[in-house]
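# Chains, contacts and geometry: an overview
Below are the chains, spelled out letter by letter.
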Amino acid sequence: MSASGRIAVHTQQDVVLARQAARQAAVACGLRLVDQTKLITAASELARNAVIYGGGGHMNWEVLRDGLRKGVRLEFVDQGPGIADIEQALTDGWTSGSGMGLGLSGSRRLVDAFELDSAPGQGTRVAITKWA
Amino acid sequence: MERIPILQMGDILLVTIQVDMHDQLALTLQDDLSERIRVTSARGVLIEISALDIVDSFIGRMIATISALAAVMDARTVVVGMQPAVAITLVELGLNLTGVSTALNVERGMRLLGQLSAEAE
């Protein structure tokens, strides 16, 4: 298996495919089951956000190596309306749509590193990393 | 259209989720289940999720909605078979499934449903 790739995320079915790609990457770098589950769950939340709020986009995945340590980095990119108030968007229970408002804040708790870049009209990029 | 099967056992409806659920499938299950509760006058719904690798906020919300919907239709819902890794992730995600009863396995879930409907009598 190659150590990186990209998949399109435009539909609900793509969210399932994004989860599967996240699982393959997680297994490839030897994440234990609980950490696999956390990564895949975060991927599911972020892929769904990209579809529902971002109007679709893509997920880049990459297996990282840092000395002996391995990890997975997933990056979700959309060209949607972007987020005006990032701090507010990262608050539990805050939602701009019909969700529960746990997608961003919950995903951040499930991973080791979380980066969010967004501005109104500039789309949104969220990158998460989980180390084995 | 793809559907999750709903089995009837006496006055209990049994739903075993064995596929990687996409969102439309979850919504279809919600509709199907409410219709089956009406048609069968079921008193209990057992949702078996041991095959699910993840429960994200969408699936969690669907489970909570089914439970609330069934309660309004005079049926109790018990979710059984959640994998430990899924339970840990769910709690960390911040999803507390308020109002949803759970049991470790089908046998204990059936027993719990029996108790819940006896209490409701």
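Residues numbered from 1 in each chain as written. Chains lettered and ligands numbered in written order. Predicted model: local features only at pLDDT ≥ 70, side-chain atom pairs only at ≥ 80, totals over all residues.

This paragraph deals with the interface of chain B and chain A. Each partner contributes to the interface: chain B provides 18 residues, whereas chain A provides 23 residues. Looking at the side of chain B that touches chain A, the elements that each hand over two or more residues are α1 (23-40), α2 (57-72) and α3 (84-93) of chain B. When residues of the side of chain B that touches chain A are assigned to their parent elements, the largest contribution, 6 residues, is made by α3(B). When the residues that make up the side of chain B that touches chain A are grouped by side-chain class, the tally is 7 nonpolar, 5 polar and 6 charged. (Contact = placed C-beta atoms within 7 Å. Helix = DSSP H or I, 4+ residues; strand = E, 2+ residues; numbered from the N terminus. Nonpolar A, V, L, I, M, F, W, Y, C, P; charged D, E, K, R; others polar.)

Once that is clear, we can look at the environment of B:I88. Residue and element names in this part refer to chain B. Here I88 is to be found in helix α3. Given 15 C-beta atoms within 10 Å, I88 falls into the partly exposed group. For the pair I88 and E119, spaced 31 residues apart in sequence, the C-alpha separation works out to 30 Å. (Buried ≥ 20, exposed ≤ 12 C-beta atoms within 10 Å, placed from the backbone.)

Let us look at unusual backbone geometry. Residues and elements named next belong to chain B. At S41, a position not held by glycine, the phi torsion is positive, near 50 degrees. In this structure, S41 sits in the loop between α1 and β3 (44-48). A count of 10 C-beta atoms within 10 Å places S41 in the exposed class. Despite not being glycine, D74 has its phi angle at roughly 65 degrees, a positive value. Here D74 shows up in the loop between α2 and β4 (76-80). C-beta crowding within 10 Å serves as the criterion here: with 12 such atoms nearby, D74 is assigned to the exposed category.

To continue, consider α3(B). All names here are of chain B. Turning to α3, its buried residues are V86, T89, L90 and L93. Projected down its long axis, α3 carries its buried residues within an arc of 100 degrees, all on one side. What points out from α3, more than 90 degrees from its buried face, is the exposed set P84 and V91. The first or second residue beyond α3 is G94, which carries a positive phi of 105 degrees. (Arc of directions from axis to C-beta.)

So, on to the packing of helix α4 (residues 103-110) of chain A against α3(B). At their nearest, the axes of α4(A) and α3(B) sit 8 Å apart, and the two run at 125 degrees to each other. On the basis of the axis angle, α4(A) is oblique to α3(B). The crossing of α4(A) and α3(B) is right-handed. Where α4(A) abuts α3(B), its residues A:G106, A:R109 and A:L110 lie against B:T89, B:E92 and B:L93. Considering only residue class, the contact of α4(A) with α3(B) consists of 2 nonpolar, 2 polar and 2 charged. (Axes fitted to C-alpha atoms, helices over the stretch in contact; angles between N-to-C directions. Parallel < 35°, antiparallel > 145°, perpendicular 65-115°, else oblique. Left-handed = near helix turned anticlockwise from the far one by under 90°.)

Next up on the list: the sheet that holds strand β3 (residues 69-78) of chain A. Hydrogen bonding along the main chain pairs the strands of a sheet, whether they run parallel or antiparallel. Residues and elements named next belong to chain A. What the 5 strands build is an open sheet, ordered β1-β2-β3-β5-β4; its pairing is antiparallel. The outermost strands of the open sheet, each flanked by one partner alone, are β1 (4-9) and β4 (113-118). For this sheet the average axis-to-axis angle between neighbouring strands, irrespective of direction, equals 15 degrees. Sheet topology note: the strand β2 (residues 57-66)/β3 ladder contains 10 bridges and is antiparallel. Among the inter-strand pairings, L64 is bridged to a residue of β3, identified as G71. Against the sheet, helix α1 (residues 12-28) touches β1, β2 and β3, its axis set at about 165 degrees to β1. (Pairing = 2+ DSSP bridges.)

Residues and elements named next belong to chain B. Pairing is mixed in the open sheet, where 5 strands are placed in the order β1-β2-β3-β4-β5. The open sheet is flanked by β1 (6-9) and β5 (101-103), the only strands paired with a single partner. For this sheet, the mean angle separating the axes of adjacent strands, direction not counted, is 25 degrees. Relative to strand β2 (residues 12-16), β1 is paired through 4 bridges, and the arrangement is antiparallel. Of the residues in β2, the one forming a bridge with L7 is L14. Each of β1, β2 and β3 is contacted by α1, which is oriented at about 160 degrees to β2, the strand it contacts most. Of the strands in this sheet, β2, β3, β4 and β5 touch helix α4 (residues 106-120), which is tilted by about 165 degrees from β4.

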